[in-house]
Structures are given as structure tokens and as C-alpha cells.
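The chain contents come next:
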Amino acid sequence: MQILMAQLKKILGKLTPELTLRIELSNEEELNNLALHITDIHSEKDVLKYI
């Protein structure tokens, strides 16, 4: 999960505490789905579509 968080910070600049918590509470399937679609992420809203 740490590398995924680092990638998202690089893409988005920074993550809100709410989004960070939502990612931390995600299960393995959701995290894998997010990782699979990392190139489609352009906003926090995009992140939420995949988890």
C-alpha cells in the first residue's frame, strides 16, 4: 500500500486525510483494482471510482 500511496501523491500532489483514510481501510481487492487503474487517476474522485 505504501508504494500505491506514493504514486497517488506524485499524481495528485497531496491526498486529503479523508482519502488517505479511505485507502487505508480498503481491502486487498480494492487496492489491486486501484493499482490496475493507476494511469487513469487524475483526481481524488477518480481514486474513489476504483475503491
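Remember, predicted model here, so these are calculated numbers, not experimental data.

K.L.:
Lay out helix H1 (residues 2-12) in plain terms, naming residues and giving numbers.
P.N.:
A turn of α-helix holds 3.6 residues, and therefore any two residues three or four places apart point the same way. Those residues of H1 that fall on the buried side of the exposure criterion are Leu4, Met5 and Leu8. One side of H1 holds all its buried residues, which, seen down the axis, span an arc of 100°. Away from its buried face by more than 90 degrees, H1 exposes Gln2, Ile3 and Lys10. As for H1, its buried residues are in contact with helix H2 (17-24), helix H3 (28-36) and helix H4 (44-50). Directly after H1, the chain includes Gly13, whose backbone phi takes a positive value near 95°.

K.L.:
Describe the side chain of Ser26, and please don't skip the residues or the numbers.
P.N.:
By the element assignment, Ser26 lies in the loop between H2 and H3. A relative accessible area of 9% means that Ser26 is categorised as buried. Within the local environment of Ser26, its side chain forms a polar contact with the backbone oxygen of Arg22, the two atoms lying 2.9 Å apart. The residues contacting Ser26, other than those within four sequence positions of it, are Leu31 and Ile51.

K.L.:
Please give an account of the pattern of salt bridges that cites residues and values.
P.N.:
Under the counting rule described, the total for this entry stands at 2 salt bridges. For Arg22, the salt bridge is made with Glu30, and the minimal N-O distance between the two is 3.5 Å. For Arg22, a relative accessible area of 29% puts it in the partly exposed group. As a salt-bridge pair, Lys49 and Asp46 come within 3.6 Å of each other at their nearest N and O atoms. Note that Lys49 and Asp46 are positioned in helix H4 at a spacing of 3 residues, about one turn of the helix. Owing to a relative accessible area of 55%, Lys49 belongs among the exposed residues under this scheme.

What counts, and at which threshold
Residues numbered from 1 in each chain as written. Predicted model: local features only at pLDDT ≥ 70, side-chain atom pairs only at ≥ 80, totals over all residues. Heavy atoms only, no water. Buried < 20%, exposed > 50% of the residue type's maximum accessible area, 1.4 Å probe, protein only. Helix = DSSP H or I, 4+ residues; strand = E, 2+ residues; numbered from the N terminus. Arc of directions from axis to C-beta. Contact = heavy atoms within 4.5 Å. Polar contact = N/O pair within 3.5 Å; in protein donor to acceptor, adjacent residues only side chain to side chain. Salt bridge = Lys/Arg side-chain N within 4 Å of Asp/Glu carboxyl O.

Nothing here speaks to function; it is geometry throughout.
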